[in-house]
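Notes for the structure review
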Amino acid sequence: AGQVKNLSKVATTNSPGVKTWSKTGSCVLSPKSNPTKLTMGSTGSCTLTLKIAKSGKYRAKTSTKIITRESATTTTVAPTTTTVALTCVPGASCAVGDTGPGGGTIFYVDLTRVEGSQYFEAACAGWTNSCDGTTADPTAEWGCEGVPISGADGQAIGTGEQNTADILAGCETPGIAARLADGYTNSGESDWFLPSQDELHQMYVEPTTFGGFSTDAYWSSSEYVDNVAWFQYFSDGGQSSYSKDGTTYVRPVRAFG
């Protein structure tokens, strides 16, 4: 209670888009116009929301962080024998297999990464149908076959979001894989993207953590050359390149923390 936090330390972004902060619950933003600080209240929790307007190649983005006031006393609770997947929130400790803030499943954790990309969650099975767990993932083209997409060649974990932004900026074709991923929203989170080659492979590495995947191929956001892009087989873990006008499955991911 009473702790003051600079908003610039809560969230960072490369986007020059207009930023709008809002809150609900037990906290105060100051000053009222263009706030720069948050002061924690004395009861309950505070839900902090940052909206960033679209600017150039950077997509509009909304991110929410739940801040819980530290308890004034320590209570000892007897352990239980029930094990369940935890629902973690930004600012809390999350593990692979937990349910993420976006209702998906966390498949990668690296606390040495910069803030905002320490945790990665994949959208839930049945993500196109209210996470029913049974609806198959949709299929789509990668898009713009024969057209080089500047910047969309990142393969490492942490490059998928920028790849997706570059694809959307360089390919106006409706219904492509990156556009399906970018258009997804769930549990108040709208910053989903098409995973990079290594992000997609990490999802395959954790097959027992979450399911609902086809054994066929899934698109990554990593372009290989102007007419092909990388995809991932979920049958054997193989990766290969495929014509961008081909149709394969799509599963969005998002980063947070």
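This report concerns the structure included in the present document.

Criteria and cut-off values
- Every chain's residues receive numbers from 1 upward, in the order its sequence appears when written.
- Owing to the predicted nature of the model, reporting of local features is limited to residues with pLDDT of at least 70; listing and counting of side-chain atom pairs is limited to 80 or more, with chain, interface and lining totals taken over all residues.
- For the side-chain quantities, the full set of heavy atoms in the structure was used; hydrogens and water were omitted.
- Like charges are joined within 9 Å and nonpolar side chains (Val, Leu, Ile, Met, Phe, Trp, Tyr) within 5 Å, but only among residues with over 30% relative accessible area and no salt bridge; these make up the patches.
- Per-residue and other accessible areas were derived by the Shrake-Rupley procedure at a 1.4 Å probe size, with only the shown protein chains allowed to occlude residues.
- When a carboxyl oxygen of Asp or Glu is within 4 Å of a side-chain nitrogen of Lys or Arg, the pair counts as a salt bridge.
- Neither His nor the chain termini are counted; the positive set is Lys and Arg, and the negative set is Asp and Glu.
- Lysine's charge is taken at NZ, arginine's at CZ, aspartate's at CG and glutamate's at CD.
- Helix numbering and strand numbering both begin at the N terminus, where a helix is a DSSP run of H or I of at least 4 residues and a strand a DSSP run of E of at least 2.
- Exposure classes here rest on a 1.4 Å probe applied to the protein chains alone. A residue is buried below 20% of its type maximum, exposed above 50%, and partly exposed in between.

Side note on a negative patch on the surface
Among the surface-exposed residues, Glu-141, Glu-145, Asp-226 and Asp-245 lie close enough to one another that they form a single negatively charged patch. Here Glu-145 lies in the loop between strand E9 (139–141) and helix H2 (160–170). Under the relative-accessibility criterion, Glu-145 is labelled partly exposed at 38%.

Points about the pattern of salt bridges
Scanning the model with the defined rule gives 5 salt bridges in all. Between Glu-189 and Arg-254 there is a salt bridge, with its nearest N and O atoms 3.0 Å apart. Pair noted here: Glu-189 is in the loop between helix H3 (177–182) and helix H4 (197–205) and Arg-254 is in strand E14 (residues 253–256), with a separation of 65 residues, a long-range link. Here the two residues Glu-189 and Arg-254 agree in accessibility, since each one is buried. The shortest N-O distance in the salt bridge between Glu-223 and Lys-244 comes to 2.7 Å. Here Glu-223 is found in strand E10 (residues 217–225), whereas its partner Lys-244 is found in the loop between strand E12 (239–243) and strand E13 (247–249), with 21 residues between them in sequence. We note that Glu-223, like Lys-244, is buried. The structure contains a network of salt bridges with shared partners spanning Glu-121, Glu-189, Asp-191 and Arg-254.

Some thoughts on the environment of Gly-160
Positionally, Gly-160 belongs in helix H2. Looking at Gly-160, the relative accessible area reads 0%, which means it is buried. When the C-alpha atoms of Gly-160 and Leu-194 are compared, they prove to be 6.1 Å apart, with 34 residues separating the residues in sequence.

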